[in-house]
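Notes for the structure review
Spelled out, the chains give:
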Amino acid sequence: MTVWDDLVGQEKVSAVLGAAARDADALVTAASADQPLPEASKMTHAWLFTGPPGAGRNQAARAFAAALQCVSPDRALGGAPGCGFCDGCHTALLGTHADVTTVAAVGAEILVRDMRDTVRKSFTAPANGRWQIILVEDAERLNEKSANAVLKAVEEPAPRTVWLLCAPSIEDVLPTIRSRCRHLNLRTPSVAAVADMLVRRDGIEPEVAASVARATQGHVDRARRLATDPAARERRAAVLRLPLRLDEVGACLKAAQELVDAAAEDAKQLAEEMDGKETEDMKAALGAAQGGRLPRGTAGVMKDLEDMQKRRRTRTQRDSLDVALGDLTAFYRDVLALQLGTRVAIANADAEDALERLARGSSPESTLRRIEAISACREALDRNVAPLLAVEAMTMALRAG
């Protein structure tokens, strides 16, 4: 199993990255053996991965990072980098490789303080790998100061440093940064490709795999979660029942509260899993004895950690809400397809009775207004409007049609 096997429906991107990884391997090998460097190379120091949610931007970047760090002995016999089994590939894919640094947005933005140490590290030589790799998973969340810090590093990179930036679209990245990157755009994989991957890689029953792949419209991560997590399937089912409940103002307000509470519960579960361990690890790193007091002068470090955890909980809640709003959008899109009599495949076939009921009881114009109300709610959340207020306004608009 190579590192490219998780890139569902991205054959062209895999081919480009594979060729670049081979050239990168030749560059490192030639430099270490004091041989002349190849004249032409498909490798470059900065890459920008774009594509819609679920297309696999981060997976593609991480697979490329693994291929660049591959130390398989088969390479000397003509094998391609990215075996998926060697120590370099394995640790890069797990996120534990010493020379692969991952930056992800904890809150709404990536702050310059979150990038400072990473940018400093980008100018150092690899510790034990073949390349120093910086993977920025949410490049669209770089604010002005952090983006400028990245720009300076990308303009004058160290010889063995590679920047891998991921964003939904090329317009989400500063023109000065994207002009220095090689751009790869990933497409949404087909429903059939996602279903096939779930069957082959995760052992999911074909009927279940086809259902969740269709429901998520090719979103790989969400399809895998729906297929393997009963709680996720129940949350989605609750969201799809919501449109039939909005017959009174009180019901609208109650439904909004339930959506926000469910998102908050998701954030709480993540916090319980991560915050405690992070706090204990930080205390140990600062030299605090088990159950003892922190050394003097370390209170500021712990305060920074608490602030980071708070930002992460807020973002997790917003992300969970966004998933629910995406499910609602897909639901009303199916209603619109039925009203217009199109041949578009219905994504939510498991809620066909509800879809037909709403399609008969409303007009295409009202369905479009409802889709616009959901979009307005998502935009309000992006502007940091209080989640409950934004969702209440949406449910009232959904009731009005």
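Above this text sits the structure in question.
1. Digging into the overall build of the protein
Within the protein, the regular secondary structure consists of 15 helices and five strands. Against the compact-globule benchmark of 21 Å for 401 residues, the protein has a radius of gyration of 24 Å, which places it among compact chains. For the protein, the spread of C-alpha atoms along the three principal axes comes to 75 × 55 × 40 Å. Expressed as a percentage of its 401 residues, the buried residues of the protein come to 45%. In the protein, once contacts between residues fewer than 6 apart in sequence are set aside, the share between residues at least 24 apart is 72%. In the protein, 52 positive and 56 negative side-chain charges are present, and the distance between their average locations comes to 2 Å.

2. Overview of helix α10 (residues 230-241)
For α10, spanning twelve residues, the distance from its first C-alpha to its last is 17 Å, which sits close to the expected 16 Å at 1.5 Å a residue. Residues of α10 that are buried include every one of Ala-232, Arg-236, Val-239 and Leu-240, and no others. All buried residues of α10 lie within an arc of 95° about the axis, which places them on one face of the element. Between the side-chain oxygen of the N-cap and the backbone nitrogen of Ala-231 there are 3.0 Å, and the N-cap of α10 in question is Asp-229.

3. Remarks on the pairing of strand β2 (residues 100-103)
Two faces make up the sheet, and in a regular strand the side chains alternate between them. Here β2 runs beside strand β3 (residues 132-136); their pairing, made up of four bridges, is parallel. For Val-100, the partnering residue across the bridge sits in β3 and is Ile-133. In the classification by handedness, the crossover that spans β2, the intervening helix α4 (residues 112-122) and the parallel β3 is right-handed.

4. Re helix α8 (residues 206-216)
Of the positions making up α8, those classed as buried are Ala-209, Val-212, Ala-213, Ala-215 and Thr-216. Angular distribution of buried residues about the axis of α8 spans 160°; they occupy a single face of the element. Turning to α8, the residues buried within the fold contact α7 (191-202), α9 (220-228) and α10. Gln-217, located one to two residues past α8, shows a positive phi value of around 55°.

5. Quick word on the side chain of Ser-72
Within the secondary structure, Ser-72 is located in the loop between α2 (57-68) and α3 (87-94). Leaving out residues up to four positions away in the same chain, Ser-72 has contacts with Cys-83 and Cys-86.

6. Some remarks on the packing of α7 against α8
Where α7 contacts α8, the axes come no closer than 8 Å and their chain directions differ by 140°. Comparing their axes, α8 and α7 come out oblique. Between α7 and α8 lies a crossing of right-handed hand. For the pair α7 and α8, contact is made by Val-191, Val-194, Ala-195, Leu-198 and Val-199 and by Pro-206, Ala-209, Ala-210, Val-212, Ala-213 and Arg-214, respectively. The residue makeup of the contact of α7 with α8, split by class, is ten nonpolar, no polar and one charged.

7. Overview of the pairing of strand β4 (residues 161-167)
Along β4, seven of the seven residues are buried, which leaves the element largely enclosed by surrounding structure. The alternating pattern of β4 places Thr-161, Trp-163, Leu-165 and Ala-167 and Val-162, Leu-164 and Cys-166 on opposite faces, both of which are buried. Pairing of β3 with β4, which is carried by five bridges, proceeds in the parallel orientation. Each bridged residue has a counterpart across the sheet, and for Leu-135 the counterpart in β4 is Leu-164. One crossover worth recording links β3 to the parallel β4 by way of helix α5 (residues 144-155), and it is right-handed.

8. Points about the sheet that holds strand β5 (residues 182-185)
With parallel pairing, five strands are arranged side by side in an open sheet as β2-β3-β4-β1-β5. Each edge of the sheet is formed by a strand with only one pairing partner; in this case those strands are β2 and β5. Neighbour-to-neighbour, the strand axes of this sheet turn through a mean angle of 15°, independent of strand direction. Where α2 meets the sheet, it contacts β1 (46-50), β2, β3 and β4, and its direction lies at approximately 165° from that of β4.

What counts, and at which threshold
Residues numbered from 1 in each chain as written. Predicted model: local features only at pLDDT ≥ 70, side-chain atom pairs only at ≥ 80, totals over all residues. Heavy atoms only, no water. Helix = DSSP H or I, 4+ residues; strand = E, 2+ residues; numbered from the N terminus. Rg over C-alpha atoms; globule rule 2.2 N^0.38 Å. Buried < 20%, exposed > 50% of the residue type's maximum accessible area, 1.4 Å probe, protein only. Contact = heavy atoms within 4.5 Å. Lys, Arg positive; Asp, Glu negative; His and termini not counted. Charge placed at Lys NZ, Arg CZ, Asp CG, Glu CD. Expected span 1.5 Å × (residues − 1). Arc of directions from axis to C-beta. Polar contact = N/O pair within 3.5 Å; in protein donor to acceptor, adjacent residues only side chain to side chain. Pairing = 2+ DSSP bridges. Right-handed = clockwise from strand over helix to strand, strands pointing away. Axes fitted to C-alpha atoms, helices over the stretch in contact; angles between N-to-C directions. Parallel < 35°, antiparallel > 145°, perpendicular 65-115°, else oblique. Left-handed = near helix turned anticlockwise from the far one by under 90°. Nonpolar A, V, L, I, M, F, W, Y, C, P; charged D, E, K, R; others polar.

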